[in-house]
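Reading the structure
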Amino acid sequence: PEAELRKISLVFLAPSCADENLVQHGQTFRDQLELMFVSMGTFDIISPPDTPPSDSINAAMAYQALGADYIISGNLRAGADGADSRLILRVLDVRRGGVIIWGTHYDFPSSAPEQAQNSIMAPAQAMQWSIFVAEARRIAGRPDNELSPLGMALRAFTLLLRHDFSLFDRIDSLLERAVDCEKDDGTIALIDAMYCYIRFQNEWGPEADSIFARGLRSVRAAILLMPDLHAVEVLLAAYLMYDPAKHGMAVSIVQDAIGSIVRNDSNHQDSPDALMAGVVMNLLRGETKSATRSVKILLENGCRSQFLELLRPVFMMILLLGEEYQDVISMGRLMSGLYPSYPSALVYYLVALLQVGGAAEEVHQVC
């Protein structure tokens with residue numbers, strides 16, 4: 001259908017605020033988020049009308065008439081007695097009458113928002129992947145062959161989130177068709193690169209090399225199509241890490257990414273991009289303990305990012321390299337209970353059990 005052929009359209013509204021002193025800060029946060037989503041390249045950003053709809057019941061209909069699929073709105077609350085102020089962020093699904101599909105909060109000092117402890121990139125990225133999952137759910141009833149290329153890629157992403165090796169062939173087919181149909185979509189290239197990286201971690205047959213080569217092609221394509229996304233550069237460096245002859249190139253790529261992140265985000269310390277860049281850099285330098293510290297922060301991300309959930313088995317591998325065996329065992333028990341058809345997670349779990357002398361019954365079960 002024609003409605004499936006376009007990008008996802010967003011409209012960003014300035015957060016509502018009862019404190020006049022915070023109104024300007026709210027507008028700044030809105031502008032920051034909008035620019036982040038523009039740089040992601042996946043979305044069409046619609047300018048809100050100069051006079052927003054006054055009737056909240058009909059607001060969703062008014063924005064749908066503008067072509068919006070989702071509204072990004074919020075509420076700004078001043079902290080009492082010098083406490084941090086709080087920005088509540090929400091994503092509303094316009095086509096379902098404004099149902100809230102995702103929300104989180106972002107705290108900052110009322111007197112100096114630029115001195116916030118956290119990067120606003122963390123909620124922005126979680127928001128992006130949550131919108132992708134919401135879109136995939138919306139088209140869940142359609143057969144694979146009726147989907148647009150972006151729809152195929154989003155379905156593949158949600159299937160990847162199931163951590164099930166038996167789904168890999170279907171995911172492969174969806175992404176192969178999506179890439180063939182739409183070679184100029186950075187999101188499709190990125191999801192294909194992520195799939196190939198994950199499949200490579202779980203594929204020990206003769207096709208592993210060809211999957212890796214395909215992923216490398218896709219991540220390079222994604223960088224050309226989305227040059228402002230640092231996460232894609234970090235993924236390229238993660239690919240290059242597998243070839244010792246390319247380590248120097250990987251280090252340069254990560255250094256450039258870290259430099260750009262620091263310049264563009266004054267509160268970059270807990271930005272997922274900055275943390276993952278640090279992890280790759282630490283691994284390239286053999287500093288596994290430093291890498292595990294960053295991984296633990298990523299695992300504590302409070303914004304419920306599906307992208308970070310997808311990488312949990314990779315994080316298990318890094319914790320294993322850093323000899324954090326009890327953490328790996330805890331994650332392994334959870335992963336094996338939820339996703340028993342995921343080879344790499346079971347291997348990391350098994351190795352950690354053997355390192356600490358785990359109970360023979362549990363070792364046998366994991367085998």
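Placed above this text is the structure.
Below or above, wherever it landed, is the structure these notes cover. Since the model is a prediction, treat every value here as computed from it, not as a measurement.

1. Some details on the nonpolar core
The biggest cluster of nonpolar side chains holds 116 residues, and the ones touching the most others in it are I8, F37, I131 and I171. Not counting residues within four places of it along the chain, the set of residues in contact with F37 comprises L10, F12, F43, I45, A124, M127, Q128 and I131. Formed by eight residues, the second largest nonpolar core is a distinct cluster that contains I46, A59, L92 and V94.

2. Side note on helix α11 (residues 288-299)
For α11, built from twelve residues, the straight-helix expectation of 16 Å at 1.5 Å per residue is met to within 8% by its first-to-last C-alpha distance of 16 Å. Contact partners of the buried residues in α11: α10 (272-284), α12 (306-310) and α13 (312-321).

3. So, the packing of aromatic side chains
Within this structure, the stated rule accounts for 16 aromatic pairs. Taken together, a centroid distance of 5.3 Å and an interplanar angle of 55 degrees make the contact between F12 and F37 tilted. A residue pair is termed long-range when its members are at least 10 positions apart, and F12 in strand β1 (residues 8-12) and F37 in helix α1 (residues 23-40) qualify at 25 residues. Across the pair, exposure class does not vary: F12 and F37 are buried alike. Here the aromatic rings of F43 and F132 are separated by 5.6 Å at their centres, their planes lie at 15 degrees, and the arrangement is stacked. Placement of the pair is F43 in strand β3 (residues 43-46) and F132 in helix α3 (residues 121-138), with a sequence separation of 89 residues.

4. So, the packing of α11 against α13
Axis separation between α11 and α13 bottoms out at 8 Å; the angle between their running directions is 145 degrees. The two elements α11 and α13 cross, and the hand of that crossing is left-handed. Counted together, T288, A291, T292, V295, K296, L298 and L299 of α11 and R312, F315, I318, L319 and L321 of α13 form the full contact between these two elements. Grouping the constituent residues of the contact of α11 with α13 by class yields eight nonpolar, two polar and two charged.

5. Structural notes on the pattern of salt bridges
The full count for this structure, using the stated rule, is 19 salt bridges. Here D192 makes a salt bridge to R214, at a shortest N to O gap of 2.7 Å. You can see D192 sitting in helix α6 (residues 186-202) and its partner R214 sitting in helix α7 (residues 208-225), a full 22 residues away along the chain. Residues D192 and R214 agree in their burial class; the two are buried. Residue E309 pairs with R312 through a salt bridge whose shortest N-O separation is 3.1 Å.

6. A word on the side chain of E135
Here E135 is to be found in helix α3. Among all residues touching E135, those that are not within four sequence positions of it are I8, Y70, R95 and L154.

7. Quick word on unusual backbone geometry
Positive phi, normally seen in glycine, also occurs at H163, with a value near 50 degrees. For H163, the position within the fold is in the loop between α4 (149-160) and α5 (168-181). Even without being a glycine, E323 presents a positive backbone phi close to 65 degrees. One can find E323 in the loop between α13 and α14 (325-338).

8. Examining the pairing of strand β6 (residues 99-108)
Across nine bridges, the pairing between strand β5 (residues 85-93) and β6 is antiparallel. The residue of β6 that forms the bridge with D93 is V99. Where β5 folds back on β6, the antiparallel hairpin that results is connected by five residues, among which G97 adopts a positive phi of roughly 80 degrees.

9. Here's the deal with the packing of α13 against α14
Look at α13 against α14: their axes get within 8 Å of each other, and the N-to-C directions meet at 155 degrees. The orientation of α13 relative to α14 falls into the category roughly antiparallel. Seen from above, α13 lies across α14 with left-handed handedness. Counted together, R312, P313, M316, L319 and L320 of α13 and Y325, D327, V328, M331, G332 and M335 of α14 form the full contact between these two elements. Split by residue class, the contact of α13 with α14 holds eight nonpolar, one polar and two charged.

10. Some words on empty space enclosed by the protein
For the structure on display, the rule yields three cavities of 30 Å³ or more. Approximately 60 Å³ is the volume found for the second largest cavity. Elements with a minimum of two residues in the lining of the second largest cavity: α1, β4 (70-77) and β5. Take the lining of the second largest cavity: its biggest share by element is four residues, from α1. Of the residues in the lining of the second largest cavity, the class split is eight nonpolar, three polar and one charged.

11. What about the pairing of β1?
Counting buried residues in β1 gives five out of five residues, a clear majority hidden from the surface. Of the two faces of β1, the one carrying I8, L10 and F12 and the one carrying S9 and V11 are both buried. Looking at chain direction, β1 and β3 are connected through four bridges and run parallel. Bridge pairing in β3 places L10 opposite I45.

12. Overview of a nonpolar patch on the surface
On the surface, a nonpolar cluster with roughly 280 Å² of combined accessible area is contributed by W204, V347 and V351. With respect to the helices and strands, V351 occurs in helix α15 (residues 343-356). Owing to a relative accessible area of 32%, V351 belongs among the partly exposed residues under this scheme.

Here is what the cut-offs are and how they apply
Residues numbered from 1 in each chain as written. Predicted model: local features only at pLDDT ≥ 70, side-chain atom pairs only at ≥ 80, totals over all residues. Heavy atoms only, no water. Core = buried A, V, L, I, M, F, W, Y, C linked by side-chain atoms within 4.5 Å. Buried < 20%, exposed > 50% of the residue type's maximum accessible area, 1.4 Å probe, protein only. Contact = heavy atoms within 4.5 Å. Helix = DSSP H or I, 4+ residues; strand = E, 2+ residues; numbered from the N terminus. Expected span 1.5 Å × (residues − 1). Phe/Tyr/Trp six-rings, centres within 6.5 Å; stacked < 30°, edge-to-face > 60°. Axes fitted to C-alpha atoms, helices over the stretch in contact; angles between N-to-C directions. Left-handed = near helix turned anticlockwise from the far one by under 90°. Nonpolar A, V, L, I, M, F, W, Y, C, P; charged D, E, K, R; others polar. Salt bridge = Lys/Arg side-chain N within 4 Å of Asp/Glu carboxyl O. Pairing = 2+ DSSP bridges. Parallel < 35°, antiparallel > 145°, perpendicular 65-115°, else oblique. 1 Å grid on protein atoms, 1.4 Å probe; cavity = no way out; pocket = protein on both sides within 12 Å on 5 of 7 lines; lining within 4 Å. Points joined across faces, edges and corners; volume = space filled by probe spheres on them. Patch = residues over 30% accessible without salt bridge, like charges linked within 9 Å, V, L, I, M, F, W, Y side chains within 5 Å. Areas by Shrake-Rupley, 256 points an atom, 1.4 Å probe, with all protein chains shown as cover.

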